[in-house]
Every structure is written in C-alpha cells, then in structure tokens.
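# Tertiary structure, described
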Amino acid sequence: MDTRLHSELYLSVIIPVFNEKDRINKSLKEITDYLNARSYSWEIIIVDDGSTDGTSDLVREFGLDANRITLLQQSH
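Throughout what follows, the structure given in this document is the object of discussion. Just so we're clear, the structure is a prediction, and the values are computed from it rather than from any experiment. (Residues numbered from 1 in each chain as written. Predicted model: local features only at pLDDT ≥ 70, side-chain atom pairs only at ≥ 80, totals over all residues. Heavy atoms only, no water.)

### Here we look at the pattern of salt bridges
Any two side chains of opposite charge can pair if their charged atoms end up close together. For the structure shown, the criterion picks out four salt bridges. In this structure, the salt-bridge partner of Arg23 is Glu20, at a minimum N-O distance of 2.8 Å. Salt-bridge contacts for Glu30 lead to Lys26; the nearest nitrogen and oxygen are separated by 3.4 Å. Here Glu30 pairs with Lys26, and both are found in helix H2 (residues 24–36), just four residues apart, close to one helical turn. Using a relative accessible area of 46% as the deciding quantity, one classes Glu30 as partly exposed. (Salt bridge = Lys/Arg side-chain N within 4 Å of Asp/Glu carboxyl O. Helix = DSSP H or I, 4+ residues; strand = E, 2+ residues; numbered from the N terminus. Buried < 20%, exposed > 50% of the residue type's maximum accessible area, 1.4 Å probe, protein only.)

Given below as structure tokens:
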C-alpha cells in the first residue's frame, strides 16, 4: 500500500452493504457524481457483509469505471 496516496486523501466514504443489488448502482452513481464535482480527493469503500444476490458483482462492474472504489467482502 502506498502511504503517500493515503496521506493526500481527503475523504473516505464507507458503505456497508448486504443484498443491495437493487439499489447499489443508483447509490454509487449519485455518490460518485457528487464527489466528482468536488475539488478534494476521495475514495469509496464498499464492505459487503456476505451478500448472496450479486451485489459484489455490480460493485466490481461499477468500480471499473470509477477507479476510486474498493470492495471488501466479508465471509461468514
């Protein structure tokens, strides 16, 4: 992990999710649109608590375009 990158980071948004397939794309779009309009650096961390509905797949697909989205998957 490059600590320089994190020392310059202004905002981290952490979003816990569980089976949010029907809402995650809209939410990520609204959040990234808002953050992209700001002048500060940011990241979004999605913490998936074992979703079984494909939420993680949708986050991965969305994240390919955004570059500042990290997906952490928790397993039980």
